[in-house]
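Observations on the model geometry
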Amino acid sequence: MDTGGADYSKFGFHRIIRYRGIFDFDGLYKFVVKWIKDHDFDFYETKVLDKPPYRIYKMMGRKKISFYCMFQLLPEIWLWDAKPVEVIREGHKKILTEARMKIVINGGYITDYDGDFEKGGEGLKKIESFLNGKILYHENLLKYFDYMDYFLYDFMTDIKKYLEMETATNAY
Amino acid sequence: MPPTVEFYAPVVAEQLNYEGLFSMKEVFRVIDKYFRTKAFDKKIIFDEEYQTEKGKYIHVKTEYYKKTDSYVRIQTRLWVYANELVEVEKEVDGVKIKTNHGKLSITFDAFIQTQYLNTWPAEKPTGFLFMVLYEQYLARPRIAYWEGVLRHVLTELRTELAGYLNLNKFLYEK
């Protein structure tokens, strides 16, 4: 079984948004959590690090899609030099955040998430690689890989829309 | 050892520059939609947006690629820069619309990657020899064909963008 620390960037499941300006951080955080939960993922906040000048929020969403395969979303929000600013928006005083921000969106799919094949020694491991490499090869590639790839584009576009970024369009 | 792949680059660092009124969202939509209709896959390498004193600064690097078969993979790279981008309101046919004003610069690159599956094990001398013979003599027309396709794809994209930005209006004036 693969674990959460796996590097999916080589498969293309890796997106970065960089942003600098004034934004509603609490709203953004709630938006990300809601997006993950609304898409039927189990949400976990894996790490929060407040170490001036930066703050890091690491999250994880997990969703079992079959008895064998599971999707994993691993978004991270990095903030530098974050300071609260008072802004008057639509006649109301609001406290927003001014910062440099990096949002990393990682994701991937895990096969054999219960680790049944791992427990059984070398023979079962060979069967697992045969299953993944030959029998389920196209299922993995078409049903999970492509789906996940475009799913992450949706996630990225929705975050950009929330931040009112100019590049918030996606034809895929 | 990673597989040895060959690169052919039919388009290198071509540029499109523009300053004036345009909608940033529309520019990205034109690019995205064009590649989608051509069945390319997309990869965003990075995506930056900074608010500066003179307006927004945007820098996006994207790659659109397609595996044509098990031997040839074609890929484009785009760097989109926007500087001093501000939102403006314009009246078109009596309707007020929001659009942007700023400087836009797009750099295009395209290349072909052959034997991405390491068909000929190129780390071995015999494999390398077969690869060279195959690509120089047998697959030469096929690779040249895909080079032409890539050149065509990027020229067409530039034309689409030029059409959207109205860069060719003086070409067709009577």
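Report follows, based on the coordinates.

**What about the overall build of chain A?**
- Looking only at helices and strands, chain A has four helices and five strands in total.
- Of the regular secondary structure in chain A, the N- to C-terminal order runs β-α-β-β-β-β-α-α-α.
- On the principal axes, the C-alpha backbone points of chain A span a range of 65 × 35 × 25 Å.
- Within the span of chain A, comprising 172 residues, buried residues form 22% of the whole.
- Look at the contacts in chain A between residues 6 or more apart in sequence, and 56% of them connect residues 24 or more apart.

**Examining the overall build of chain B**
- Scanning chain B from terminus to terminus reveals three helices and five strands.
- Going residue by residue from the N terminus, the α and β elements of chain B occur as β-α-β-β-β-β-α-α.
- Computed over the C-alpha atoms, the radius of gyration of chain B is 20 Å, more than 25% above the 16 Å expected from 2.2 N^0.38 for a compact globule of 174 residues.
- By residue count, 23% of the 174 residues in chain B fall in the buried class.
- By sequence separation, contacts in chain B at least 24 residues apart represent 65% of the contacts at least 6 residues apart.

**Quick look at helix α1 (residues 24-37) of chain B**
All names here are of chain B.
- Over its 14 residues, α1 runs 20 Å from end to end, which matches the ideal 20 Å to within 8%, given 1.5 Å per residue.
- Listed as buried for α1 are Met24, Val27, Phe28, Ile31, Asp32 and Phe35. Taken around the axis of α1, the buried residues stretch over an arc of 120°, which confines them to a single face.
- Once α1 ends, the next one or two residues include Ala39, with phi positive near 60°.

**Concerning the pairing of strand β3 (residues 55-67) of chain B**
All names here are of chain B.
- Pairing of strand β2 (residues 41-52) with β3 involves 11 bridges; the strand directions are antiparallel. Counterpart to Phe46 in the pairing with β3 is Lys61.
- Bridge analysis of β3 against strand β4 (residues 72-92) gives 11 bridges, and the strand direction is antiparallel. For Ile58, the partnering residue across the bridge sits in β4 and is Ala82.

**Observations regarding the nonpolar core**
All names here are of chain A.
- Ile103, Met148, Leu152, Met156 and Ile159 are the most contacted members of the largest nonpolar core, which has 25 residues in total.
- The set of elements that each furnish at least two residues to this core consists of β1 (14-23), α1 (25-38), β3 (54-64), β4 (69-89), β5 (92-111) and α4 (137-162).
- The greatest single-element share of this core, amounting to six residues, is contributed by α4.
- Sequence-distant contacts of Met148, defined by excluding residues within four places in its chain, comprise Phe13, Phe71, Gly107 and Tyr109.

**Overview of the interface of chain B and chain A**
- Contacts between the two partners involve 20 residues from chain B and, on the opposite side, 16 residues from chain A.
- Counting residues per element, the side of chain B that touches chain A draws most heavily on β2 of chain B, which supplies nine residues.
- In this sheet, β2 of chain B lies alongside β1 of chain A in parallel orientation, the contact comprising four bridges. Across the sheet, residue Arg18 of chain A finds its bridge partner in β2 of chain B, namely Glu48 of chain B.

**Let's talk about helix α3 (residues 140-165) of chain B**
All names here are of chain B.
- With 26 residues, α3 extends 37 Å from end C-alpha to end C-alpha; this agrees with the ideal 38 Å at 1.5 Å per step.
- Buried within α3 are the following residues: Trp146, Leu150, Val153, Leu157 and Leu161.
- Just past α3, the residue Asn166 takes up positive phi, approximately 60°.

Criteria and thresholds
- Residues numbered from 1 in each chain as written.
- Chains lettered and ligands numbered in written order.
- Predicted model: local features only at pLDDT ≥ 70, side-chain atom pairs only at ≥ 80, totals over all residues.
- Helix = DSSP H or I, 4+ residues; strand = E, 2+ residues; numbered from the N terminus.
- Buried ≥ 20, exposed ≤ 12 C-beta atoms within 10 Å, placed from the backbone.
- Contact = placed C-beta atoms within 7 Å.
- Rg over C-alpha atoms; globule rule 2.2 N^0.38 Å.
- Expected span 1.5 Å × (residues − 1).
- Arc of directions from axis to C-beta.
- Pairing = 2+ DSSP bridges.
- Core = buried A, V, L, I, M, F, W, Y, C linked by C-beta atoms within 7 Å.

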